[in-house]
Amino acid sequence: MLTKNNALPGQKAKVLSESGVGKIHDKVLETLEKIGCDFQDESALEIFRSNKGASVEGSRVRFTPQLVEWAIEQAPGKFTLRARNPENDLPLGVGQIYYTSAFGATFICDREQKTYRKALLDDAADYFLLADKLENVHYVLTAIIPQDMPVELAEMYIAALQFSNSEKHADIGTPNSDYVDEIWEMGQLVAEASGTEGPL
């Protein structure tokens with residue numbers, strides 16, 4: 001079974017100069033202030049409406065540089081991605097490198113039929129079982145998006161498969177916030193059953 005000790009030691013790669021990083025940061029602040037982001041969730045929009053550093057027009061939210069800088073300061077420098085099996089927990093911010101799978105395949109190569117076909121829920125289940133055993137996959141993404149079910153329900157089924165078919169951290173992608181509460185509740189139930197502290 002993979003443990004956090006199998007992670008590779010981190011290596012610092014300096015791709016940009018300090019001034020280059022600063023230019024990107026300044027342009028991001030400018031983009032968030034002038035263009036902003038769209039949010040579909042009404043509860044999120046309500047939070048932004050109550051904050052003086054954000055302006056809301058319909059679903060578009062624009063942020064002052066001061067609010068963005070404040071939010072960055074609130075982010076912790078270290079935290080842990082929890083897994084169903086605590087031996088697979090992944091501490092971040094400690095100089096380790098972790099790997100995961102690809103994301104979002106809607107078609108797969110069927111090696112038995114020797115053809116390409118639409119991805120199915122059974123394919124996703126098989127992938128999570130395989131990824132759980134691969135030493136170089138440290139956490140599991142939504143690698144396969146099944147095409148044999150309504151798209152609005154796929155994310156919940158995928159989350160359930162991630163929790164039940166792998167003991168590694170489940171990195172769940174959702175196209176919208178419709179089922180975030182249900183997915184969160186699933187994660188909490190799995191964490192409680194596994195004796196894990198905090199959400200997976």
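From a predicted model like this one, the values you see are computed outputs, not experimental measurements. (Residues numbered from 1 in each chain as written. Predicted model: local features only at pLDDT ≥ 70, side-chain atom pairs only at ≥ 80, totals over all residues. Heavy atoms only, no water.)

### Re the packing of helix 1 (residues 18–34) against helix 3 (residues 65–74)
Next, step 1: Two elements in contact, helix 1 and helix 3, have axes whose closest approach is 9 Å; the angle formed by their N-to-C orientations is 120°. As judged from the angle between their axes, helix 1 and helix 3 are oblique. Note on packing geometry: the crossing formed by helix 1 with helix 3 is right-handed. Where helix 1 approaches helix 3, its residues His-25, Leu-29, Leu-32 and Glu-33 are matched on the opposing element by Pro-65, Val-68, Glu-69 and Ile-72.
Next, step 2: Grouping the constituent residues of the contact of helix 1 with helix 3 by class yields 5 nonpolar, 1 polar and 2 charged. (Axes fitted to C-alpha atoms, helices over the stretch in contact; angles between N-to-C directions. Helix = DSSP H or I, 4+ residues; strand = E, 2+ residues; numbered from the N terminus. Parallel < 35°, antiparallel > 145°, perpendicular 65-115°, else oblique. Left-handed = near helix turned anticlockwise from the far one by under 90°. Contact = heavy atoms within 4.5 Å. Nonpolar A, V, L, I, M, F, W, Y, C, P; charged D, E, K, R; others polar.)

### With respect to the sheet that holds strand 2 (residues 37–38)
Next, step 1: Spatially, 3 strands are ordered 2-4-3 in an open sheet, and the strand pairing comes out antiparallel. Among the strands making up the open sheet, the edge pair consists of strand 2 and strand 3 (54–57).
Next, step 2: Relative to strand 4 (residues 60–63), strand 2 runs antiparallel, the two sharing 2 bridges. Looking at strand 4, one finds that Cys-37 is bridged to Val-61.
Next, step 3: Across the sheet, helix 1 lies against strand 2 and strand 4, angled at about 135° from strand 4, the strand it touches most. (Pairing = 2+ DSSP bridges.)

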